[in-house]
Structures are given as C-alpha cells and as structure tokens.
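Coordinates in review
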Amino acid sequence: MEQKSVDAKEIGAIAEKWRDKKGSLIMVLHEIQNHYGYVPRNVSLELSKVLGIPLARIYEVITFYNYFKLEPPGKFTIAVCLGTACYLKGSPEIVDEIKSLLNIGEGETTPDGLFHLDVVRCLGCCGLAPVMMINGQVYGKVKRNEVMGILSKYKSED
Ligand code: FES
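The written sequence of each chain sets the order in which its residues are numbered from 1. Side-chain atom pairs in this predicted model are given and counted only at pLDDT of 80 or more, local residue features only at pLDDT of at least 70, and totals for whole chains, interfaces and linings cover all residues.

One can read the domain layout of the protein chain as domain 1 (8-64) and domain 2 (76-157). Start and end positions for the domains come from either an automated domain assignment or a database one. With centres defined by C-alpha atoms, the gap from domain 1 to domain 2 works out at 31 Å.

Written out as structure tokens, the structure reads:
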C-alpha cells in the first residue's frame, strides 16, 4: 500500500502543540491518526526526529494501544463482534469466512484498499447475535453462507 506523503511542517506543528503536555506522544499520535486515518510509517519517522524520541519507543506506544492503526483502513470497515453472545452464536465462523474470502487477517486491509477487518467486543445489539457491521450498517443473525452475498453488495457499490 502506498504511503501518504508527509508534510513535515504539519507534523512539526502537531508535535509543537503537545510538546510540553503530559502524555504528549499519545496525544500527538491521536492527532496524526485523526488526520491520516492511521499512523503511516514515514510519519512516525518524522515524529521521531521532531520529538527526539526513538522510533522503537513510538512503535511501542502504537502497538500497545489497539486503537492505533499502522495500515490505512479500507473504504469499507467490517467489524465482527466476538463478544460472548455473538461468540456463542458462531461469530468466529463469520470471521473465518471473511478472512478466507478476502484473504486478510484481523486488523488488515485488502490490497485494493476496499475492505478492512476488525473484531470487536460487543456492538450493543446482542439480541441480534451474531452481529457484524460494515461502515456502521448492522447485520444481525448472520450466517456463514450469507457473508459472500453481503460483501459482494459492497464490491459492486464501489
Ligand atoms: S456480544 Fe455481540 S453485540 Fe453484544
């Protein structure tokens, strides 16, 4: 996947804003992710220079918090619930089906940038278990053999 070009001035400004604040690295990373949708590697490199923090430390923080993404999210973000109710009703099978249809793992994006797969804990509609969501649209009582049909709807929308 192509890296976004980096505007060093912009990154410098973000870093400057948080420089002397507590937890500044996390705040800077939040702002970077809000801006780019993820934390591109070349941005981490630039941050390391600007903040004088080793790259390894930056990656330690990024990988510690699940919230931060190292890859660009896809056009359609699929979230499959692995909360207890959904798990018991077979959501791991839904995850497996998506992985094998799209050939990606959890937290990954298809090379064409179309789909991104996340697993989450409870989407708040356990009565519809197993539940998956695509860009905010909820699919309840999903069966493994329905997954392909649901995904192809989005493919054709593209
Ligand atoms: S456990 Fe899946 S929606 Fe609550």
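On we go from here.
Attention shifts here to the environment of Q33. Only DSSP runs of H or I covering at least 4 residues are called helices, and only runs of E covering at least 2 are called strands; the numbering of each starts at the N terminus. Locating Q33 in the fold gives a position in helix α2 (residues 24-36). Judged by the 18 C-beta atoms lying within 10 Å of it, Q33 falls in the partly exposed class. Distance from Q33 to K141, taken between C-alpha atoms, is 33 Å for residues 108 residues apart in sequence. Look past the residues within four positions of Q33 in its chain and what remains in contact with it is Y38, V39, F68 and K69. Once C-beta atoms are placed from the backbone, each residue is buried if 20 or more other C-beta atoms lie within 10 Å of its own, exposed if 12 or fewer, and partly exposed for counts between those two. By the criterion used throughout, residues are in contact when their C-beta atoms, derived from the backbone, lie within 7 Å.

Here four strands make up an open sheet; going across it, the order is β2-β1-β3-β4 and the pairing mixed. The two strands at the open ends of the sheet, each matched to only one other strand, are β2 (115-120) and β4 (137-139). Strand-to-strand, the axes of this sheet are offset by a mean angle of 20 degrees, without reference to chain direction. When DSSP locates at least two bridges between a pair of strands, those strands are taken to pair. Sheet topology places strand β1 (residues 76-81) next to β2; six bridges connect them, and they run parallel. Interaxial angles span 0 to 180 degrees and are taken between N-to-C directions of axes, which are lines fitted to C-alpha atoms, for helices over the stretch in contact.

Further remarks concern the packing of helix α3 (residues 41-51) against helix α4 (residues 55-64). It is at 9 Å that the axes of α3 and α4 come closest, and there the two elements cross at 125 degrees. By the angle between their directions, the pair α3 and α4 is classed as oblique. Considering the relative orientation of α3 and α4, their crossing is right-handed. Only L55, I58 and Y59 of α4 make contact with α3, whose side of the interface consists of S44, L45, L47 and S48. Any residue outside Ala, Val, Leu, Ile, Met, Phe, Trp, Tyr, Cys, Pro, Asp, Glu, Lys and Arg is labelled polar, Gly included; the first ten of those are nonpolar and the last four are charged. Its residues assigned to classes, the contact of α3 with α4 shows five nonpolar, two polar and no charged. Orientation is classified from the angle alone, with under 35 degrees giving roughly parallel, over 145 giving roughly antiparallel, 65 to 115 giving roughly perpendicular, and any other angle giving oblique. In this scheme the handedness of a crossing depends on how the near helix is turned from the far one: anticlockwise by less than a right angle means left-handed, clockwise means right-handed.

One finds I78, V80, I94, I98 and M132 to be the most contacted residues of the largest nonpolar core, which totals 16 residues. Of all the secondary-structure elements, those providing two or more residues to this core are β1, α6 (91-102) and β2. Those residues in contact with V80 that lie beyond four places of it in its chain are S91, I94, V95, I98, V119 and M132. Among the nonpolar cores identified, the runner-up in size contains twelve residues, and I14, V39, I58 and I62 belong to it. Here a nonpolar core is just a set of buried residues of the types Ala, Val, Leu, Ile, Met, Phe, Trp, Tyr and Cys, joined wherever their C-beta atoms sit within 7 Å.

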